[in-house]
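Descriptive analysis of the structure
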Amino acid sequence: MRSEIVRVRTGARETVHDITGECAEFARDASGGGDGLLHVFVPHATAGVALIELGAGSDDDLLAALRDLLPADDRWRHAHGSPGHGRSHVLPAFIAPYASVPVLAGRLALGTWQSIAMVDLNVDNPDRQVRLSFLG
């Protein structure tokens with residue numbers, strides 16, 4: 001197995017951050033052009049990984065749905081940080097902190113419109129890590 005950390009700066013706003021390019025490059029290099037499995041994992045209690053179409057409004061729709069489902073208000077018992085910070089700790093129960101993608105001939109076997117994204121509602125922590133692991 002080969003593994004590496006990719007650093008992502010998400011900024012001070014909720015985001016759906018595209019990491020497809022980093023994942024594709026790692027899979028190509030780690031696989032040596034062969035087949036295997038890419039595992040994507042965010043080692044954070046407040047972020048998730050989604051396979052989703054990006055750039056056509058779906059990313060904004062996802063954030064809007066999460067705002068409806070997990071409002072940034074004072075209902076959360078986990079109450080340190082910015083208002084509604086506790087919702088960020090609930091997010092991984094809805095959007096898992098991991099995803100696995102087949103790699104065929106060194107390329108991600110994603111569907112036509114699928115991208116790999118890190119979903120981050122935590123505006124208090126703009127510096128994130130993503131662990132990419134390849135098993136061939």
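Given the structure is predicted, the values throughout are model-derived calculations rather than measurements.

When its secondary structure is counted, the protein chain shows three helices and eight strands. Across the protein chain, helices and strands are ordered from the amino to the carboxyl terminus as β-β-α-β-β-α-α-β-β-β-β. Against the compact-globule benchmark of 14 Å for 136 residues, the protein chain has a radius of gyration of 15 Å, which places it among compact chains. Across its three principal axes, the protein chain shows a C-alpha extent of roughly 50 × 30 × 25 Å. Buried residues in the protein chain amount to 43% of all 136 residues. Partitioning the contacts of the protein chain with sequence separation of at least 6, the portion at a separation of at least 24 is 82%. For the protein chain, the accessible area works out to roughly 7,100 Å², and carbon and sulfur atoms hold 51% of it.

The next thing to look at is the nonpolar core. In terms of nonpolar packing, the biggest core is built from 21 residues, with Cys23, Leu38, Val40, Leu108, Ile116, Val130 and Leu132 touching the most fellow members. Taken together, the elements giving at least two residues each to this core come down to strand E1 (2-9), helix H1 (20-31), strand E3 (36-41), strand E4 (47-52), strand E5 (98-104), strand E7 (115-120) and strand E8 (127-135). Among the elements that take part in this core, H1 stands out by supplying four residues, more than any other. Discounting residues that sit within four places of it in the chain, Val130 has contacts with Glu4, Ile5, Val6, Val8, Ile19, Val40, Phe41, Val42 and Met118.

Now for unusual backbone geometry. The phi dihedral of Ala105 is positive, around 55°, even though this residue is not glycine. With respect to the helices and strands, Ala105 occurs in the loop between E5 and strand E6 (107-108).

What counts, and where the lines are drawn
Residues numbered from 1 in each chain as written. Predicted model: local features only at pLDDT ≥ 70, side-chain atom pairs only at ≥ 80, totals over all residues. Heavy atoms only, no water. Helix = DSSP H or I, 4+ residues; strand = E, 2+ residues; numbered from the N terminus. Rg over C-alpha atoms; globule rule 2.2 N^0.38 Å. Buried < 20%, exposed > 50% of the residue type's maximum accessible area, 1.4 Å probe, protein only. Contact = heavy atoms within 4.5 Å. Areas by Shrake-Rupley, 256 points an atom, 1.4 Å probe, with all protein chains shown as cover. Core = buried A, V, L, I, M, F, W, Y, C linked by side-chain atoms within 4.5 Å.

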